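Examining the three-dimensional arrangement
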Amino acid sequence: MSAARRIAAREIRAGFRNGLRGFRVFLVCLALGIAAIAAVGSVREAITEGLTREGAALLGGDASVEFTYRSAEPAERAALDALGRVSEIVEFRSMVTVPRTEGEADRALTEVKGVDGDYPLYGDLVLDPPGPLGEALAGSPPGAAMDPVLADRLGLSAGDTFRLGTKTFRLAARIETEPDEAGGFDLGPRTLVRTADLDGAGLLEPGTIYETEYRIALLPGADLDAAEARLAAALPDTGYRWRDAREGAPGLQRFVDRLSAFLVLVGLAGLAVGGVGVASAVRAHMVDKTATVATLKTLGAEGRTIFAVFALQIGAVTVLALALGLLLGAALPLAAAPLLADRLPVPAAIGIYPAALGQAALYGTLAAALFTLWPLAKAQDIRAAALFREAGSLPPGLPRPAFLVATGALLAALVGAATLLSGIPLLTLYTAGGLLAAFAALLATAWGVRRLARRAARLPALRGRTAIRTALGSVGGPGGEAASVVLSLGLGLTVLAAIGQIEANLRSAIERDLPQVAPSYFMVDIQPDQIDAIRALTDDPEVESVEAAPMLRGILSEIDGRDATEVAGDHWVLRGDRGVTYSAEPPPDTTITAGEWWPPGYDGPNLISFAAEEAQELGLSLGDTLTLNILGRDIEGEIASFREVDFSTAGIGFVMAMNPAALQDAPHTWIATIYADEAAEARILRDVAERFPNVTAISVRDAIDRVSQILSGVAAAVTYGAAATLVTGAVVLVGAAAAGTRARVYEAAILKTVGASRATILASFALRWAILGLAAGLVAAVAGAAGAWGVTRFVMETDYVFAPASALAVIGGGIVLTLVAGLAFAWGPLAARPARILRARD
Amino acid sequence: MADDTILDLDDARLTLDGNAGPVEILKGVSLSVKRGETVGLVGPSGSGKSSLLMVMGGLERATGGRVSALGHDLGAMGEDALARFRRTHMGVVFQSFHLIPTMTALENVATPLELAGRPDAFGHAASALDEMGLAHRRDHYPSEMSGGEQQRVALARAAAPRPGILLADEPTGNLDGPTGAAIMDLLFDLNARHGATLVLVTHAPDLAARCGRTIRLEDGRLAPDRQAAE
């Protein structure tokens, strides 16, 4: 065993005998950071595993084939049947109407699911009262099962009747569990009926927006890849969409991945905050060890031996912190499993996931190395002569160049690992850059505050005000706590401030901006022969305006003859089908940014006007040829113009518009937006529903509420993540406050000796903490606002508005937190007897 | 107690809690010090000299007996009352200087004057530093000064409020011979010029010899020779 290791072993033993007193903040900070990341990672893995395990049940079959707005042709159905047992599902939105007395009726939006006798192929549909679905849906009038939320909203009990379109159904049961419901974004709760019973309801007319899915239970021993290839060969160019159980809920998986990646970023920010505590703890430890280091040097130890001794000691504590953090991170999801199961929309397979824990351990190790290297490197520069002086700090200046390079390498490794592993590389880099900038801003502020305080302490006006002057002297003088307090609190508050500002902006974007311009109703499935009557609603004095446009749904499958996803990647416009419209003239107030709209009466080759921003993202140019698969048919067109489309107004906005001749003969429906007084909305809905039972009206207000609800859930998850950061920040702050206790006990003893009362000393302590809290809060508010601006502007692509309430809360919180932490440690200095303190220093 | 008695101890005792149980530091000390007197407190290490000085200054509370200064019973005074008493009547100098590290020399010296509400505390503090030959060090922090300079600042701080009592606990213990001698000259000079009572704890026989009276402590008690002398 080398000398360094032997000495290190003795140091480690001494540390443990001492109850790791100097390392508690180190342990808590590092363990908390690691635990937060490990817990988030474990939950993500649990959801992914749950989705994989339950993939077939969530999808409703081993594979699912979807045709947009049409059913499979007999030949297509035959090809599907050849793969295994097939169940057909039809889904669309409609209105449930419950007739009341005297022509009055209650109405609510619903997502109708039409099923056949084979549904569900996998999983169990649980009904209340319990019983087989077939029995529930049988009878006359035909039975239906309904989401309890919808049944309660409409006051329906088993046996009551209601209408879908023009047809009457009987509520047979409430749906307790729907196996293939992955908790996606649904505007209306579920109503489940037999597809055959929808005949004559007027709801599945040509052009109506509905989805037909064919769930397939493959023949025993069949392979998914082989089945997919076989269907592709049998049905070329039919525009179907294939999904299989390997990815049962891709949208949900994407959402969970994004949210957890974001939470990991918040966790990394927490680790950075904890890193400040770690660095402070190691620095304080090395200052404590100055005499030991100087003695070892006197006895002939070289700098590298000193470094090795303490690196081994810190390494041992890091291993302990890692173990604690991983244990906590793995245990938290297990402990919270029942709670998580209630909150999560999917069955999560909560368990221990080594990959998630490994990732957290990697981040933790790199962060520990990064934040301990500097003080360790400085410690080896302590000179033997330090024995003869009072040591209050480590040697000034930068560490040796090799350590600077190593610090840079560790930082690069940490940021690199996060960038590679997070799944959101750009946002990770922005976050890392933001944190570094905040770090620099806080250091600069700490420096500035010290300079200012030093100057202010000498102001003639403050002479005679001992409490203020000693407070300023403490903040500005040598060995003060300004840097560690401002950094530890400031970084935590910056993360909170940024999240607060982002959340406030999200809320204001939804709650304030949108309703000012949003229509009352969005009406879909309007048949061409009904559109004139809908337009005529403008005759109603309480209707401000009606906008209408024909709508077809199409998949943008090819760009210039090449597969669209190959050309433009995973853009949202290419995900699934998009609305396509046609129009002889550009919609009112449209700005054409390039090219020209087709002339009136144009009847040449198909032309397309494409939304400008999305075209730029997809890399499209004027003259490009696009292939759209509409109702199974490929329609080609050339891009003739780009135009500005604002999707944020909740009005009618189509990515793609074509000349009328291209589309008007295809079966289609119209959509309309109705702008009306809020007070008249219910009456208008009643009128439209009475006259056009097939038309589905979506209340924009309800939709916005639903979006707000979902965003609130996301905001809550992020806030929980940020709370972990704040807890870490608070621990660091408490650590900083505790670390300064000895200095303050000494200061108080001297002040008492020269005649200061405890009130004067307490006022001085309170003031210095308030000054530091204010400084940290101010920087955090500014840095957080800057970060939020970046996220709002570049990630959310909305305008940023400064939220003063959130900023003030951060500044106030900063002051209160520092005051509480500081004053919690004030009793010791105030109570200490000067004689003992001062003599202990002699 | 005669009118010119400035410090009076009657069977003063001090017992502190140690790891191995209570430790008796002072075992019943009775003495009085007169106004303007210079008293050297001597004795072997651990005899209780410094503790006795702390008890005299109200920095440590006697656990038995009675300690009074200027006719005030220090045992009956609260922590803040003791602090207020010291700010006007007592100056204390320590072996390790004990300057506030976050304050400059001038600020350190001005602090007791400010606390006492003296007008122009900084002017007085500057004069006190000038007297100590430290005019050029006013704006320096303790960490930027030598040990001798720091002790002169501590001396200026103790003397600036013109206290009636100066307590010095081995003020030259951390200084080299010539520097220590210079400090002692300053201390005795202060005593001579301002008529302050000086109680000095020291190991150095020559310093003790400069005092008007020497009191010897042994194992927490006054040594018999001193008791005899008294």
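Quick caveat: nothing in here was measured; it's all calculated off a predicted structure.

Turning next to the overall build of chain A. Within chain A, the regular secondary structure consists of 27 helices and 21 strands. Considering chain A as a whole, with its 842 residues, one finds that 51% of them fall into the buried category. A separation threshold of at least 6 residues defines the contact pool for chain A, and within that pool the share at least 24 residues apart is 81%. A total of about 36100 Å² of accessible surface is found on chain A, and carbon and sulfur atoms cover 59% of it.

Right, let's get into empty space enclosed by the protein. According to the stated counting rule, one finds 11 cavities of 30 Å³ or more in the structure shown. Approximately 90 Å³ is the volume attributed to the largest cavity. Residue lining of the largest cavity: Thr753 and Val754 of chain A together with Arg86, Arg87, Met90, Gly91, Val92, Pro112, Ala154, Arg157, Ala158 and Pro161 of chain B, and that is the complete set. Of all the secondary-structure elements, those providing two or more residues to the lining of the largest cavity are helix H2 (79-89), strand E6 (90-93) and helix H5 (147-159) of chain B.

Let's shift gears to the confidence of the model for chain A. When pLDDT is averaged along chain A, the result is 83; 91% of the residues meet or exceed 70. Mean pLDDT across the elements of chain A ranges from a minimum in helix H1 (residues 3-17) of chain A, with 70, to a maximum in strand E5 (residues 143-146) of chain A, with 94.

Another point: the sheet that holds strand E3 (residues 38-42) of chain B. All names here are of chain B. The strand order E6-E7-E8-E3-E9-E10 describes an open sheet built from six strands, whose pairing is mixed. The outermost strands of the open sheet, each flanked by one partner alone, are E6 and strand E10 (221-222). Across the sheet, H5 lies against E6 and strand E7 (165-169), angled at about 170 degrees from E6, the strand it touches most.

Before going further, it helps to spend a moment on the pairing of E7 of chain B. Residue and element names in this part refer to chain B. Counting buried positions over the five residues of E7 gives five, a clear majority of the element. Of the two faces of E7, the one holding Ile165, Leu167 and Asp169 and the one holding Leu166 and Ala168 are both buried throughout. For E6 and E7, the ladder comprises four bridges, and the chain directions are parallel. Bridging from a neighbouring strand, Met90 pairs with Ile165 of E7. When E7 meets strand E8 (residues 197-201), the two strands line up parallel, connected through five bridges. When the bridges of E8 are listed, Ala168 appears paired with Leu200. For the crossover from E7 across helix H6 (residues 177-194) to E8, the handedness is right-handed.

A word on the environment of Ile652 of chain A. Residue and element names in this part refer to chain A. By secondary structure assignment, the location of Ile652 is in the loop between strand E18 (633-643) and strand E19 (656-658). It is 7.8 Å that separates the C-alpha atoms of Ile652 and Ala548, two residues lying 104 residues apart in sequence. When near neighbours in sequence (up to four residues on either side) are disregarded, Ile652 contacts Glu547, Ala548, Ala549, Ile671, Ala672 and Thr673.

Position of Thr104 of chain B relative to the elements: it lies in the loop between E6 and helix H3 (105-115). When sequence neighbours within four positions are dropped, the list of residues in contact with Thr104 of chain B reads Arg458 of chain A together with Arg138, Asp139, His140 and Tyr141 of chain B.

All names here are of chain B. Strand order in the open sheet made by the four strands is E2-E1-E4-E5, with antiparallel pairing throughout. Two strands in the sheet have a free side with no partner beyond their single neighbour: strand E2 (21-34) and strand E5 (72-73). As judged from the five bridges shared by strand E1 (residues 5-18) and strand E4 (residues 64-69), these two strands associate in the antiparallel manner. Directly across from Arg13, in E4, lies its bridge partner Gly64. Sheet contacts for helix H1 (residues 49-56): E1, E2 and E4; angle to E2, the most-contacted strand, approximately 65 degrees.

Let us look at helix H14 (residues 425-457) of chain A. When the terminal C-alpha atoms of H14 of chain A are compared, their 47 Å separation across 33 residues agrees well with the 48 Å that a helix rising 1.5 Å per residue should span. Leu427, Thr428, Ala432, Leu435, Ala438, Leu442, Ala446, Val449, Ala453, Ala456 and Ala457 of chain A are the residues of H14 of chain A that are buried.

Facing 36 residues of chain A, the contacting portion of chain B comprises 36 residues. In total, about 3200 Å² of surface goes out of reach between chain A and chain B, with carbon and sulfur atoms giving 54% of it. In this structure, the connection of chain A to chain B is made through four salt bridges. Two residues, Arg833 of chain A and Glu79 of chain B, come together in a salt bridge whose shortest N-O distance is 3.8 Å. Linking chain A with chain B are 10 residue pairs in polar contact (both at pLDDT 80 or more), by the criterion used here. Put simply, the parts of the chain that give the side of chain A that touches chain B at least two residues each are H14, helix H15 (466-476), helix H23 (741-753), helix H24 (758-795) and helix H27 (834-841) of chain A. Split by residue class, the side of chain A that touches chain B holds 12 nonpolar, 11 polar and 13 charged.

What counts and what doesn't
Residues numbered from 1 in each chain as written. Chains lettered and ligands numbered in written order. Predicted model: local features only at pLDDT ≥ 70, side-chain atom pairs only at ≥ 80, totals over all residues. Heavy atoms only, no water. Helix = DSSP H or I, 4+ residues; strand = E, 2+ residues; numbered from the N terminus. Buried < 20%, exposed > 50% of the residue type's maximum accessible area, 1.4 Å probe, protein only. Contact = heavy atoms within 4.5 Å. Areas by Shrake-Rupley, 256 points an atom, 1.4 Å probe, with all protein chains shown as cover. 1 Å grid on protein atoms, 1.4 Å probe; cavity = no way out; pocket = protein on both sides within 12 Å on 5 of 7 lines; lining within 4 Å. Points joined across faces, edges and corners; volume = space filled by probe spheres on them. pLDDT = per-residue confidence, 0-100. Pairing = 2+ DSSP bridges. Axes fitted to C-alpha atoms, helices over the stretch in contact; angles between N-to-C directions. Right-handed = clockwise from strand over helix to strand, strands pointing away. Expected span 1.5 Å × (residues − 1). Buried area = accessible area lost by both parts, 1.4 Å probe. Salt bridge = Lys/Arg side-chain N within 4 Å of Asp/Glu carboxyl O. Polar contact = N/O pair within 3.5 Å; in protein donor to acceptor, adjacent residues only side chain to side chain. Nonpolar A, V, L, I, M, F, W, Y, C, P; charged D, E, K, R; others polar.

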